[in-house]
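Descriptive analysis of the structure
Below, each chain spelled out in residue letters.
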Amino acid sequence: MIKTEIQGKVGIVSLNHPEKLNALSQAMVHDLVEAFESFKAEKIRVVIITAEPNESNVWSAGHYIPELPENHEDPLGYYDPLEVLLRTIQRYPGPVITQVHGSVWGGACDLIMSSDISIGDSTCSFAITPAKIGVPYNASGIGHFIARLDLNQAKEMFFTARPVDAAMAENWGIVNHIVEGDQLAAYTMEMAQHITTLAPLSIEVIKEQFRILANSQALSADVFEKIEGLRTRVWESKDYHEGIKAFNEKRKPHFTGE
Ligand code: YXS
């Protein structure tokens with residue numbers, strides 16, 4: 001489901017499941033986490049995540065919806081495979097760059113926010129979609145958006161679930177740069193190769209400090225339990241099941257707030 005390649009000290013991992021628009025299934029996430037582990041063992045300094053092109057021009061359709069649990073379980077719990085992948089990216093001991101051609105949906109948008117640098121072309125767009133499906137998004141995920149965006153921009157993304165286009169994404173800082181489509185891979189690789197010429201330990205430790213400082217908002221146990229209680233109401237709701245059912249039946253969901 002993925003392709004991997006190494007160029008010097010740069011690892012490239014490419015999402016490659018066109019039939020399901022690179023939706024982040026457990027199987028694909030497993031392969032991705034394994035690729036990161038093997039890059040780490042080989043002391044790869046920078047990882048680029050990209051996607052093989054598909055007819056729908058989708059970089060990734062997000063969480064693999066048929067795998068969202070319907071048995072009264074948290075759909076985005078700490079050990080959900082996608083959550084494990086996001087932490088793997090954030091804890092990788094070198095920068096992870098996302099190279100984006102096409103649209104990015106749901107959990108894949110969180111993956112972009114969890115990467116260190118993003119570079120896109122004019123086709124890229126970004127939508128965070130829990131409100132389309134009835135998913136109680138988790139606190140760590142919301143934190144990834146707050147760390148990257150202004151609060152009002154993050155709220156607009158979550159409340160409308162609409163794609164943010166390339167120009168707006170550059171303006172808001174979802175991506176660092178928008179470049180011409182035919183320059184995208186070369187531009188990204190040049191940046192990655194340049195980073196590999198700099199001091200490895202310095203970069204590794206700075207990245208870890210960014211991660212710690214971005215997460216430094218302390219939550220009391222009481223507040224954390226309140227958040228979990230609020231979210232439980234959502235995954236136990238009729239709307240959550242309706243969102244998944246509607247996707248499977250290829251129709252618009254009918255939400256009632258129950
Ligand atoms: O019917 P077949 O077997 O050909 O499969 C279709 C789709 O069912 C499948 N597919 C997916 N399968 C599992 N999980 C997905 N997320 C997913 N998305 C698509 O791929 C085949 C081709 O899709 P199709 O026919 O709809 O392609 P299209 O070109 O007409 O439309 C492309 C999209 C991206 C606009 C459309 O596929 C779409 O809206 N997909 C869902 C995007 C989305 O809302 N993703 C969020 C997933 S849930 C998630 O990530 C979090 C839990 S949350 O929402 O909370 O952030």
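Okay, so let's go over this structure. What you see is a predicted model; the values in this text were computed from it and never measured.

On to the pattern of salt bridges. A full pass over the atoms with the stated rule returns 9 salt bridges. A salt bridge links Lys-245 to Glu-249; its shortest N-O distance comes to 3.5 Å. A salt bridge links Glu-249 to Arg-251, with the shortest nitrogen-to-oxygen separation between them at 2.8 Å. Residues participating in the shared-partner salt-bridge network are Glu-242, Lys-245, Glu-249 and Arg-251.

To continue, consider the packing of aromatic side chains. Across all of its chains, the model carries 4 aromatic pairs by this definition. Site record: aromatic cluster; members linked through ring pairs are Tyr-137, Phe-145 and Phe-158. Here the basic side chain of Arg-87 rests over the ring of Tyr-78, its NZ or CZ set 3.6 Å away from the ring centre.

This brings us to the sheet that holds strand S8 (residues 125–127). A sheet is described by the order of its strands in space; here 3 strands give the open sequence S4-S6-S8, paired in parallel fashion. Every interior strand has two partners, whereas the edge strands, strand S4 (58–60) and S8, have only one. The average undirected angle you get between the axes of adjacent strands in this sheet is 25°. For S4 and strand S6 (residues 103–105), the ladder comprises 2 bridges, and the chain directions are parallel. Paired with Ser-60 across the bridge in S6 is Val-104. Its contacts with the sheet put helix H3 (residues 107–114) on S4, S6 and S8, and the angle it makes with S6 is roughly 100°.

Okay, the site of the ligand next. Within the structure, the ligand sits among 24 residues, and Lys-20, Ser-56, Ala-61, Thr-129 and Lys-250 are positioned closest to it. His-63 is positioned such that a nitrogen or oxygen atom in its backbone is 2.8 Å from an oxygen atom of the ligand. Take Pro-130: an N or O atom from its main chain is 3.3 Å from an oxygen atom of the ligand. Contact with the protein chains hides 72% of the accessible area of the ligand, taken as 1000 Å² for the molecule alone. The leading source of residues in the shell around the ligand is helix H4 (residues 130–133), at 3 residues.

The next point concerns the side chain of Asp-239. Structurally, the position occupied by Asp-239 is in helix H11 (residues 238–248). Lacking a salt bridge, the buried Asp-239 has Lys-238 as its closest oppositely charged neighbour, with an N-O distance of 8.5 Å. Non-local contacts of Asp-239, meaning those with residues more than four positions away in its chain, are made with Ile-133, His-254, Phe-255, Thr-256, Gly-257 and Glu-258.

What follows is about the sheet that holds strand S2 (residues 10–15). Taken together, 6 strands build an open sheet; the order of strands is S1-S2-S3-S5-S7-S9 and the sheet is mixed. Strands with a single pairing partner mark the edges of an open sheet, and in this sheet they are strand S1 (2–7) and strand S9 (177–178). Here strand S5 (residues 96–100) pairs with strand S7 (residues 117–120) via 4 bridges, running parallel. Across the sheet, Ile-97 pairs through a bridge with Ile-117, a residue of S7.

This next bit is on helix H6 (residues 151–160). Among all positions of H6, only Gln-153, Ala-154, Met-157 and Phe-158 are buried. The arc enclosing the buried residues of H6, seen along the axis, measures out at 130°, which places them on a common side. Turned more than 90 degrees from where H6 packs its buried face, Asn-152 and Phe-159 sit exposed. Against the buried residues of H6 lie H3, S8, H4, helix H5 (139–148) and helix H7 (166–172).

Another point: the environment of Met-189. Looking at where Met-189 falls in the secondary structure, it is placed in helix H8 (residues 184–196). The buried category is assigned to Met-189, whose relative accessible area is 14%. Sequence separation between Met-189 and Lys-250 is 61 residues, and the spatial gap between their C-alpha atoms is 39 Å. Leave out the neighbours within four places in its chain, and Met-189 touches Gln-7, Val-10, Ile-12 and Ile-48.

Attention shifts here to the environment of Gly-8. Structurally, the position occupied by Gly-8 is in the loop between S1 and S2. A relative accessible area of 61% means that Gly-8 is categorised as exposed. Separated by 37 residues in the primary sequence, Gly-8 and Arg-45 place their C-alpha atoms 9.2 Å from one another.

Procedures and definitions
- Residues numbered from 1 in each chain as written.
- Predicted model: local features only at pLDDT ≥ 70, side-chain atom pairs only at ≥ 80, totals over all residues.
- Heavy atoms only, no water.
- Salt bridge = Lys/Arg side-chain N within 4 Å of Asp/Glu carboxyl O.
- Phe/Tyr/Trp six-rings, centres within 6.5 Å; stacked < 30°, edge-to-face > 60°.
- Lys NZ or Arg CZ within 6 Å of the ring centre and 35° of its normal.
- Pairing = 2+ DSSP bridges.
- Helix = DSSP H or I, 4+ residues; strand = E, 2+ residues; numbered from the N terminus.
- Axes fitted to C-alpha atoms, helices over the stretch in contact; angles between N-to-C directions.
- Contact = heavy atoms within 4.5 Å.
- Near = heavy atom within 4 Å.
- Polar contact = N/O pair within 3.5 Å; in protein donor to acceptor, adjacent residues only side chain to side chain.
- Areas by Shrake-Rupley, 256 points an atom, 1.4 Å probe, with all protein chains shown as cover.
- Buried < 20%, exposed > 50% of the residue type's maximum accessible area, 1.4 Å probe, protein only.
- Lys, Arg positive; Asp, Glu negative; His and termini not counted.
- Arc of directions from axis to C-beta.

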